[in-house]
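# Chain and residue survey
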Amino acid sequence: MEKNTILEIRNMNISFSQYQKGTKQTKLPVIRDLSLTVHQGEMVAVVGSSGSGKSLLAHGVMGILPYNAEMGGQILYCGEPLREKRICALRGKEIVMVPQSTSYLDPLMKVGTQICKGKKDPERKKKLDGIFRRYGLAEEVQEQYPFELSGGMTRRVMISTAMIEEPKLVIADEPTPGLHLKAAKRAMEHFRELADMGAGVLIITHDLELALETADRVLVFYAGYTLEDAKTEDFRQEKTLRHPYTKALWRAMPQNGFHYIDGVQPYVKDMPEGCPFAPRCEKCTEKCRGEIPYREVNGGYVRCVYDS
Ligand SMILES: Nc1ncnc2c1ncn2[C@@H]1O[C@H](COP(=O)(O)OP(=O)(O)OP(=O)(O)O)[C@@H](O)[C@H]1O
Ligand SMILES: [Mg+2]
């Protein structure tokens, strides 16, 4: 039986308008043709290096893109379009985001009040106490202000904000930086628990190893493109992966030999024609300079002219 789809993004494009030389306006495409699905009970990780468009994806879904951004494509939540009015009504309730930046916390509000959004009924307080115990946060922290917390505590407070709502869709944008490895793993396990309880979870991270420990599927981002959508078990061996970039990420993992490839991800302004990875790819041929379709291969998706 097909599991319930919580979030479906179809052909999302995000671009920025920029002015060059005075009045000439140009469009800077930062996310191109992104499609992904998150089912109920599923944890999907989006993995990509800095600047690949991960936060913009989260902001696009949450309806909080900056004013100069334009978004195209379709976002469906529980099968219905997620337009501005609907996301405004569901944001912070059924759909929650753990933002990348800790500056989303209100510096002038006590942590406990902030997490409970001002509601102080005993039931909510009991729930908050339970969440704090789970994250190893002392009860006193509820009476503190954000500036009094360490980096790791701030992260755990931000995760608590998402957990209190019993959300159906959770989008966590880099929820683990600043946490030591054990705490980072624990945080990922808490998101896993949310998925196991029936939520759809989208985790955004640059840490492939951490993602592979807990997620069901991994989407590989590169310069605004999704190059691959693979099941976690596909990462057990290189040959079950589809895209040369994903294979390169696999070879760069410590247990697979730490082999790094040369070069860097291109910036949007210097994007090559065709495949964005082509300049670094050992399999690159003339075919890679044209349009590259995103297609299904062996139960996953890949944006490459070759099958594996
Ligand atoms: N307001 C903006 N105006 C113009 N370009 C922007 C704006 N915000 C982001 N960008 C560009 O969009 C691209 C993607 O940014 P984004 O923040 O989504 O990356 P990211 O994958 O989340 O990176 P990181 O891992 O560092 O958080 C970057 O090249 C960035 O420079
Ligand atoms: Mg980001």
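Residues numbered from 1 in each chain as written. Chains lettered and ligands numbered in written order. Predicted model: local features only at pLDDT ≥ 70, side-chain atom pairs only at ≥ 80, totals over all residues. Heavy atoms only, no water.

- An unreviewed UniProt entry annotates the protein as Nickel import system ATP-binding protein NikD originating from Blautia caecimuris.
- In its Catalytic activity (unreviewed entry) section, UniProt records this for the protein: "Ni(2+)(out) + ATP + H2O = Ni(2+)(in) + ADP + phosphate + H(+)".
- UniProt lists a comment for the protein under the heading Subcellular location (unreviewed entry), and it reads "Cell membrane". (UniProt positions renumbered as here; feature names shortened; annotations may be inferred.)

## Observations regarding the coordination of the magnesium ion (ligand 2)
- All of the protein donors around the magnesium ion (ligand 2) are Ser55 (OG) and Gln100 (OE1); their distances to the metal are 2.0 to 2.2 Å. Of this pair, serine 55 sits in helix H1 (residues 54–62) while glutamine 100 sits in the loop between strand E6 (95–98) and helix H3 (111–115), placing them 45 residues apart in sequence. (Donors = N, O, S within 2.8 Å, 3.2 Å for Na, K, Ca; no water. Helix = DSSP H or I, 4+ residues; strand = E, 2+ residues; numbered from the N terminus.)

## What to know about the sheet that holds strand E3 (residues 43–47)
- A sheet is described by the order of its strands in space; here eight strands give the open sequence E6-E7-E8-E3-E9-E10-E12-E11, paired in mixed fashion. The open sheet has two edge strands with one neighbour each: E6 and strand E11 (295–297). Ignoring which end each strand starts from, the neighbouring axes of this sheet average 20° apart.
- Bridge count between E3 and strand E8 (residues 200–205): five bridges; the pairing is parallel. When the sheet's bridge partners are listed, alanine 45 is paired in E8 with isoleucine 203.
- Together, E3, E6, strand E7 (169–173) and E8 form the strand contacts of helix H6 (residues 181–196), whose direction differs from that of E8 by roughly 155°. (Pairing = 2+ DSSP bridges. Axes fitted to C-alpha atoms, helices over the stretch in contact; angles between N-to-C directions. Contact = heavy atoms within 4.5 Å.)

## Some words on the environment of cysteine 281
- Note that cysteine 281 resides in the loop between helix H8 (244–252) and E11.
- Accessibility expressed as a relative area gives 16% for cysteine 281, which makes it buried.
- Along the backbone, cysteine 281 and arginine 251 are 30 residues apart, and their C-alpha atoms lie at a distance of 14 Å. (Buried < 20%, exposed > 50% of the residue type's maximum accessible area, 1.4 Å probe, protein only.)

## What to know about the UniProt feature "domain: ABC transporter" (unreviewed entry) in the protein
- In this numbering, the UniProt entry assigns the feature "domain: ABC transporter" (unreviewed entry) to residues 9–248.
- Within the segment residues 9–248, helix and strand shares are 31% and 30% respectively, and the terminal C-alpha atoms sit 27 Å apart.

## Let's talk about the nonpolar core
- With 97 residues, the main nonpolar core has Leu36, Leu57 and Phe191 as its most contacted residues.
- It is H6 that contributes the most residues to this core, seven residues altogether.
- Once residues lying within four places of it in the same chain are set aside, the contact partners of leucine 36 are Leu7, Glu8, Ile9, Val46, Leu57, Leu202 and Leu219. (Core = buried A, V, L, I, M, F, W, Y, C linked by side-chain atoms within 4.5 Å.)

## Regarding empty space enclosed by the protein
- Under the defined criterion, the tally for this structure stands at two cavities of 30 Å³ or more.
- Quantified by volume, the largest cavity comes out at close to 60 Å³.
- In terms of lining, the largest cavity is formed by His243, Pro244, Cys275, Phe277, Ala278, Cys281, Cys288, Ile292, Cys304 and Val305.
- Tallied by class, the residues present in the lining of the largest cavity amount to nine nonpolar, one polar and no charged.
- Counted as a void, the second largest cavity has a volume near 50 Å³.
- The wall of the second largest cavity is formed by Arg134, Tyr135, Arg156, Ala183, Arg186, Ala187 and His190.
- Of the residues that constitute the lining of the second largest cavity, the class distribution is three nonpolar, one polar and three charged. (1 Å grid on protein atoms, 1.4 Å probe; cavity = no way out; pocket = protein on both sides within 12 Å on 5 of 7 lines; lining within 4 Å. Points joined across faces, edges and corners; volume = space filled by probe spheres on them. Nonpolar A, V, L, I, M, F, W, Y, C, P; charged D, E, K, R; others polar.)

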